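# Report on the structure
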Amino acid sequence: MQYLNRRRGARSRIAALVAMLLTAVLLVACTDDPVQNEESVGDVTVSGAFGSVPVVTFEPPLPLRESEVETLIEGDGRELVEGEPILLSLAAYDGDDGALVEGRDVGVARTLVLTPEDVGEDLFPVLSGASEGSRVLVQQPVEEDGEERMLVLVLDVLYTQARGEAVAPRDGLPQVTLGADGAPSIAVPDAEPPAELVVAPLIRGEGQQVRPGQDVTVQYTGVEWESGEPYDSTWEGGKVPQTVRLDETIDGLRDGLVDQAVGSQVLLVIPPGQAHGTDTLVLVVDILAASGGDEDSVVGGADGTAPATEEPTAEETGAS
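Presented here is an overview of the structure given in this document. (Residues numbered from 1 in each chain as written. Predicted model: local features only at pLDDT ≥ 70, side-chain atom pairs only at ≥ 80, totals over all residues. Heavy atoms only, no water.)

## What about the pattern of salt bridges?
So the rule is basically this: By definition, a salt bridge exists where a carboxyl oxygen of Asp or Glu is found within 4 Å of a side-chain nitrogen of Lys or Arg. Relative accessibility thresholds used throughout: buried, under 20% of the residue-type maximum; exposed, over 50%; partly exposed, between the two (1.4 Å probe, protein chains only).
Summed over all chains, the structure comprises 11 salt bridges. Here Glu68 and Arg65 are joined by a salt bridge, their closest N and O atoms 3.1 Å apart. Take Glu68: its relative accessible area is 33%, and that puts it in the partly exposed class. Overall, the relative accessible area of 23% leaves Arg65 in the partly exposed class. Salt bridges sharing partners connect three or more residues here, namely Asp43, Arg65 and Glu68.

Here it is, written out as structure tokens:
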């Protein structure tokens, strides 16, 4: 099995992530942020763009009480089903002082499978039946070193396929059709492949632009142009969206994704010299999330709209 990464990293479980957040040493106070999607539940107010690190405000310390779950934003995406892939962004706040529990995974898209083992016994019933595009507030008592306090969790259930404005396909390129679940099928034309990298948007998302050096979470499927044989796909049964580090992936994928808007679907035709040196690859990539660089994580569905990018011409790409 071939992969887009030059090397693969282990996938952390959400239960381990929560444990890390609870025991983190570094607590950083919340910073000011433009008010977006502001919602209040009792003593707690949550604001900030969906998919980014939210701003949570309350008067600390929060009094101890039983666990509470509230859906702040009702999503319009697919319903989460046990055993299926999910994509989450999670942030935790200390109920004693209102500080963000900081760690390298805060606000970063995490790919998991919706099972009690993968997301944890506590979060499994919270996430079961939720819709992609939802923001969920969880307030729960926790115990550490014999002392109890409240923990405030904000869970953004991210989309697992591209969403946005459809772009008319260009002549002479492979044709893409989508299944009922969003999985692409690729038909390669009976022609010589282009000699240069082709980047053709199929769906233009409304997130921010992917920047060099980021970690990008994608769904993709691919075939080899010359043989028509499948290359690899995250849409296959038992597989999940994959996060690739742009600096460590094949050159054609890196160059093809930079400057594309998160939430987009892009057709890439990658010549051998920018892939693995043997075949021209045809990839259909759904850009689901991006993190790293100088800004917070950006994901599909975020409020800020990325600047429009021009589609390359046939002359620029080498397509006939």
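Alright, that's what it looks like, and here's the rest.
## Side note on the environment of Thr177
Operational definition: Secondary structure counts use DSSP, requiring at least four H or I residues in a row for a helix and at least two E residues in a row for a strand, with both numbered from the N terminus. What makes two residues a contact is simply this: any of their non-hydrogen atoms within 4.5 Å.
Topologically, Thr177 is positioned in strand 12 (residues 175-178). Separated by 10 residues in the primary sequence, Thr177 and Ala187 have C-alpha atoms spaced 8.5 Å apart. Those residues in contact with Thr177 that lie beyond four places of it in its chain are Ala183, Pro184 and Ser185.

## Notes on empty space enclosed by the protein
Rules: Detection works on a 1 Å grid of protein atoms alone, calling trapped sets that fit a 1.4 Å probe cavities and calling open sets with protein on both sides within 12 Å along at least five of seven lines pockets, with lining residues defined by an atom within 4 Å of a point. Grid points are joined across faces, edges and corners, and a volume is the space filled by probe spheres set on the points. When residues are sorted by character, Ala, Val, Leu, Ile, Met, Phe, Trp, Tyr, Cys and Pro go into the nonpolar class, Asp, Glu, Lys and Arg into the charged class, and all the rest, Gly among them, into the polar class.
Inspection of the entire model under this criterion finds 1 cavity of 30 Å³ or more. Taken as a whole, the largest cavity spans an internal volume of roughly 30 Å³. Along the walls of the largest cavity sit Ser52, Pro54, Ser89, Leu90, Ala91, Val154 and Asp156, which together make up its complete lining. Going through the elements one at a time, strand 6 (85-94) and strand 10 (147-158) are the ones with two or more residues in the lining of the largest cavity. With 3 residues, strand 6 is the largest single contributor of residues to the lining of the largest cavity. A class-by-class count of the residues in the lining of the largest cavity yields 4 nonpolar, 2 polar and 1 charged.

Note that every value here comes from positions in space, so none of it alone points to a role or purpose.
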